[in-house]
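# Structural description and commentary
Spelled out from the first residue to the last, the chains are:
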Amino acid sequence: MFKSNKTKKLSLGIVGGGPGSWIGHVHRISSRFDDQYEIVAGVFSRNVKISTKFGKSIGISPDRCYSNYKEMAEKESKRKDGINVVSIMTPPSSHQIIAEKFISKNVNIISDKPFAGNLEQAKKLFKSIKKNKKIKYALTHNYSAYPMVRQAKILVERGKIGKVKMINVEYVQDWSDGSSINSRNAKKKLKWKLDKNIVGSSAVLNEIGSHAYHLAMYISGLKGTNVFADIKQISPKIKMDDNAQVMINFTNGAKGMFWTSVMSRGGVYGLRIRVYGDKGSLEWVQNDPGYLKLNPSKGAVKLLERGFHNADFSKNFSRIKFGHPEGYLDAFANIYKEFAQSLKSKKNKRYFYPDEDEGFETAKFINACKVSSKSKKWVKIK
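Residues numbered from 1 in each chain as written. Predicted model: local features only at pLDDT ≥ 70, side-chain atom pairs only at ≥ 80, totals over all residues. Heavy atoms only, no water.

### Concerning the sheet that holds strand 2 (residues 37-43)
Within the open sheet, the five strands sit side by side as 2-1-3-4-5. Their pairing is parallel. Looking along the sheet, the strands with just one partner apiece sit at the ends: strand 2 and strand 5 (137-139). Between one strand axis and the next, the sheet turns through 20° on average, direction left out of account. Bridge count for strand 1 (residues 10-16) against strand 3 (residues 85-89) is five bridges, and the pairing is parallel. Bridge pairing links V15 to I88 in strand 3. Packing of helix 3 (residues 69-78) onto the sheet brings it into contact with strand 1, strand 2 and strand 3, and relative to strand 2 it is tilted by some 130°. (Pairing = 2+ DSSP bridges. Helix = DSSP H or I, 4+ residues; strand = E, 2+ residues; numbered from the N terminus. Axes fitted to C-alpha atoms, helices over the stretch in contact; angles between N-to-C directions. Contact = heavy atoms within 4.5 Å.)

### Considering the packing of aromatic side chains
Counting across every chain of the model gives 19 aromatic pairs. Judged by centre distance (5.8 Å) and plane angle (75°), the ring pair of F317 and F352 falls under edge-to-face. Within this pair, whereas F317 is found in the loop between strand 13 (302-305) and helix 10 (328-344), its partner F352 is found in the loop between helix 10 and helix 11 (356-375), the two being separated by 35 residues in sequence. A single burial state applies to F317 and to F352, both of which are buried. An aromatic cluster is defined as three or more aromatic residues linked by ring pairs; in this entry it consists of W22, Y143, Y146, Y171, W284, Y328 and F332. Residue placement shows K153 over the ring face of Y218; its charged tip is 4.4 Å from the ring centre. (Phe/Tyr/Trp six-rings, centres within 6.5 Å; stacked < 30°, edge-to-face > 60°. Buried < 20%, exposed > 50% of the residue type's maximum accessible area, 1.4 Å probe, protein only. Lys NZ or Arg CZ within 6 Å of the ring centre and 35° of its normal.)

### Observations regarding the packing of helix 4 (residues 95-103) against helix 5 (residues 119-131)
Helix 5 packs onto helix 4 with a crossing angle of 15° between their chain directions and a minimal axis gap of 10 Å. It follows that helix 4 is roughly parallel to helix 5 by the angle criterion. Here helix 4 runs over helix 5; the crossing is left-handed. From helix 4, Q96, A99, E100 and I103 reach across to helix 5, where they touch Q121, K124, L125, S128 and I129. (Parallel < 35°, antiparallel > 145°, perpendicular 65-115°, else oblique. Left-handed = near helix turned anticlockwise from the far one by under 90°.)

Just distances and angles here, no functional claims.
Following this line, the structure appears as structure tokens:
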């Protein structure tokens, strides 16, 4: 485990995110935003030559460009200068097995979402994390790290909208690029997302639905208790989940409406959440992330701007002055920065990055949705 040193950079290893990976590019940039990490090792492809070539291209020594994650975990754990943290950015079903290998070597984890491919994997991973007191775990549900999302969370905690009564959250995309998906073009357009052994229990819920549900929990401070879900597949021949509409009961009695889709024509990253309390409501839209709408039940609507006047808490997670756009990469970087701070500090401070508890809750939610949709009944989240 990393020994506390506030000035020393954390040694970061990477699994996945190789040539052509957009999310790998995002993670690498975000990890370097605040000079808290140095990327020193990685495995970037199943092909050893490709992995080594790519690793060398980003400045990694050839002897630390590995052929697979097992080799990387074994060799790095034996080095005096071995990695302190590993970032995992592979498809969902591999998250658990890769994370557990590094956990067994006392390496801290930053994992891309979802927590695991299915509930069975999630239970195993959750148990492994809790069992090892020498490591910490962060999950990059990056939307939770936008300054105005954290402002919303604090406003709810402070009772600004009263007791939460209703939550409406949606996340829609268009993976088809505006085309009809059929048996001829499905593999070309959707690739590994068609394979349940890779994508996990549900493509739409694991890939973007997990973000939406996590955001609802994160801002409201509530967990779901029961769901009634209707999940649709592309077609009888193409058995990939592409749309999910879910009614949710939350712990305090609040009601929720959840919608996620990856086949919404013209859907351009439509992540939106509205939280209603008995004193007012909050609304945040990811396409306009610097603003949070606060609607009191009585009085004028307030449009809060990131880092400005009545949104003071958001300044803690902002890098540039208000009036200038800030967003996706910054949100990832907030998680990397906070995780580094948590590893370096011995203080009992509150951190806001998503962890294994939140990851496990999303896995339970997804499993309950699958069971509910199949049985056409209300199902308890457990």
